[in-house]
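# Understanding the architecture of this molecule
If you want the building blocks of each chain, they are given just below.
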Amino acid sequence: ALRGARPVGRGLSTRASDILTSLGISSTAEVSGVYDGKWGGSGELMQSICPTTGEVLARVKTATPQELHEALEKTREAYVFFRNIPAPRRGELLRQIREALGAKREELGALVSLEMGKIKTEGVGEVQEFVDICDYAVGLSRMMNGRVVASERPGHSILEVPNPLGVVAVLSAFNFPVAVYGWNLALSMAAGNATIWKPSPTTPLCSIAVTKIVSGVLERNGIPGAVAGLVTGGKDVGSAVVESKDVDLVSFTGSEHVGRIVGKTVMSRFGKVILELGGNNASVIMPDADLSLAVPAVFFGAVGTAGQRCTSTRRLYLHRQIADEFMGRLKKLYASVVPGDPLDSATLLGPMHTKDAVGVYHNAIKHLKEIDAEIVTGGKNYDQSPLDAGNFVQPTIAIPKSVNPTDQIWSTETFAPILNTAVFDDLEEAIGWNNAVPQGLSSSIWTRDLRNVGKWIGPSGSDAGIVNVNVGTSGAEIGAAFGGNKSTGWGRESGGDAWKEYVRWSACTINFSDAAPLAQGVSFAT
Ligand code: NAD
């Protein structure tokens, strides 16, 4: 039973109100969902619903078109101010934001669990990811170097210069309601931009709590709050942000379907866009794999976050020699899963995020049955949910009859805990299946044979953006650039060279000689 949880309409449970109050959200009847230096919002009221209990956590006041327009103007003004603050000073602000987030790590992690539904350790992990990327960006703020290029002309130098880009809009998905914004804000601020956030309409409270923490730091330092503004709302607010010529870079994380619209819209006005879209990630298990590591990793990849990570394991390719053994062990782990309150530290499986997500799960199960797939385990709701109004479904393993990866069952991302499996005979076949889908986010091989590793990470290997060896598909550290290829959108965020997308580059040729020669020896003498 869920401590302190109550059905909808009977006031906020103590469990929820304690978490919200600890983050400065005490009155939940109408919470301001717009921040541009001042809190406001007079648009439609949007409900935040707890996926575990079904209770309405708060009603949030979203942005009207006029308020969005004003917020964008404030963001532009904030950029004009902020671009002249030296980068290491911007880094110092990020250091303070990191401290402020760290001080609320537990509370904010609990809010992620409460509002999104992922288990507490993952909720806290998201806040830690924001802290980590702030650390990274503090360092970056002293290392965002340009280059000096050798000129072919005497007395000339060429510089490649990074400057702040402008207004960056971050549109984020429900499943990482804190970390995705963190990746973007940290790099965008270090680069000298002003950032405006349009979060998922189903996780507004996480965005409000984060914005309160970040704006507290900005305001204490006399920096305009619109350096890190917020506009909550649904699809209309999202499309207005994407269409706005006042936005220089749109960083979008979400589904392929919406990403396709966003990508085309931004390109049609020649804006910059980063797309982080759906994944359809496979694990390949070779006969020499250490199954004591591989089985739990696949279990976490497929069942963790109730299958709602972009990097969740959705396809499992087992070598014939170990297929039965692997499946036997995996089934035992699935049988041990007990759904529960994500805020309870013993829980491994929380709810799906929304009722719609439960519908997506059931549609996929229905389709699997229609095509005569074997449902090895799962395939339905729990007979006894921890709380009847919660969105709990059974993690599912299926063996579709066809292993043709272009079939819908293999080729689309179903954002639910469903793992489709197939048996292969040689690595080339498994790599072929791995690569045959439209998406290209994460992939993983389990082997102890160096020759397999070489093939897997080489030119004829996995074509995903994340190509792991003896590490599951799910989860990543902030140090490397994160993102996927093909219909996952080709975007890169977080570490590596991702910061280079958040600046505008100029090639500056400087002539310090007494002549003005043309390049390539071109002569234009009169
Ligand atoms: P979604 O596409 O439904 O929504 C994402 C955002 O787009 C939300 O803020 C939404 O309000 C906004 N939006 C909706 N319609 C819009 C429009 N026409 N114009 C502009 N904005 C619009 O995605 P979701 O269901 O919240 O998230 C799940 C998806 O996100 C999955 O496909 C998952 O794989 C993907 N995801 C990808 C990554 C990654 O890094 N590749 C990370 C997390 C999630």
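Residue positions are given per chain, counting from 1 as you read along its sequence in written order. Where local features are concerned, this predicted model is filtered to residues with pLDDT of at least 70; where side-chain atom pairs are given and counted, the filter is 80 or more; whole-chain, interface and lining totals use all residues. The basis for the side-chain values is all heavy atoms of the structure; hydrogens and waters are excluded.

## Looking at the packing of aromatic side chains
For clarity, the threshold we go by: Pairs were defined over the aromatic rings of Phe, Tyr and Trp, the Trp ring being its six-membered one, requiring ring centres within 6.5 Å. Orientation was assigned from the angle between planes: stacked under 30 degrees, edge-to-face over 60, tilted for the rest. Only protein chains enter the area calculation, which uses a 1.4 Å probe; residues under 20% of their type maximum are buried, those over 50% are exposed, and those in between are partly exposed. Note on criteria: charge over ring means Lys NZ or Arg CZ within 6 Å of the ring centre, with the direction from the centre no more than 35 degrees off the ring normal.
One pass over the structure, following the stated rule, counts nine aromatic pairs. Geometrically, the ring pair formed by Y35 and W39 is tilted, given 5.0 Å between the ring centres and 45° between the ring planes. Residue Y35 is classed as buried on the basis of its relative accessible area, which comes to 1%. Site record: aromatic cluster; members linked through ring pairs are F130, Y181 and W197. A cation over an aromatic ring shows up here: K118 above the ring of F176, its NZ or CZ 3.6 Å from the ring centre. Here the basic side chain of K212 rests over the ring of W39, its NZ or CZ set 4.9 Å away from the ring centre.

## Quick look at the pairing of strand β9 (residues 194-198)
Keep this limit in mind: Only DSSP runs of H or I with at least four residues qualify as helices, and only runs of E with at least two residues qualify as strands; both kinds are numbered from the N terminus onward. We call two strands paired when DSSP finds no fewer than two bridges between them. Classification remark: right-handed applies to a crossover when, strands pointing away from the viewer, the course from the first strand over the helix to the second runs clockwise.
Burial within β9 is extensive, with five of its five residues counted as buried. By the alternation rule, side chains of β9 split into A194, I196 and K198 and T195 and W197, which are all buried. Bridge analysis of strand β8 (residues 167-171) against β9 gives five bridges, and the strand direction is parallel. Within the sheet, the bridge partner assigned to V170 lies in β9 and is W197. As a crossover connection, the stretch from β8 through helix α6 (residues 179-190) into β9 is right-handed. Two elements, β9 and strand β10 (residues 228-231), share three bridges in a ladder whose sense is parallel.

## Describing the state of the cysteines
Just so we agree on the cut-off: Two cysteine sulfurs form what is called a disulfide whenever their separation falls within 2.5 Å.
Per the counting criterion, the structure on display carries zero disulfides. Cysteine C206 shares no disulfide, and the gap to the nearest cysteine sulfur, in C50, comes to 11 Å. Taking relative accessible area as the criterion, C206 reaches 0% and is therefore assigned buried. Of all cysteine sulfurs in the structure, the one in C206 sits closest to C310, which takes part in no disulfide; the separation is 16 Å.

## Points about the sheet that holds strand β17 (residues 418-424)
Test applied: Axes here refer to lines fitted to C-alpha atoms; in helices the fit is confined to the stretch in contact. Angles between the N-to-C directions go from 0 to 180 degrees. Residues count as neighbours in contact if any of their non-hydrogen atoms are within 4.5 Å of one another.
One open sheet holds the seven strands; their spatial order is β15-β16-β17-β14-β13-β19-β20, and the pairing between them is mixed. Each of the sheet's edge strands pairs with one partner strand only, and the pair in question is β15 (374-377) and β20 (466-469). For this sheet the average axis-to-axis angle between neighbouring strands, irrespective of direction, equals 25°. With four bridges connecting them, strand β19 (residues 442-446) and β20 associate as parallel partners. Within the sheet, the bridge partner assigned to S443 lies in β20 and is V467. Of the strands in this sheet, β13 (281-285), β14 (313-319), β15, β16 (396-399) and β17 are in contact with helix α11 (residues 323-335), which crosses β14 at around 145°. Each of β15, β16 and β17 touches helix α12 (residues 355-370); the most contacted strand, β17, lies at about 35° to it.

So, to be careful, I would describe these as geometric facts and stop short of saying anything about function.
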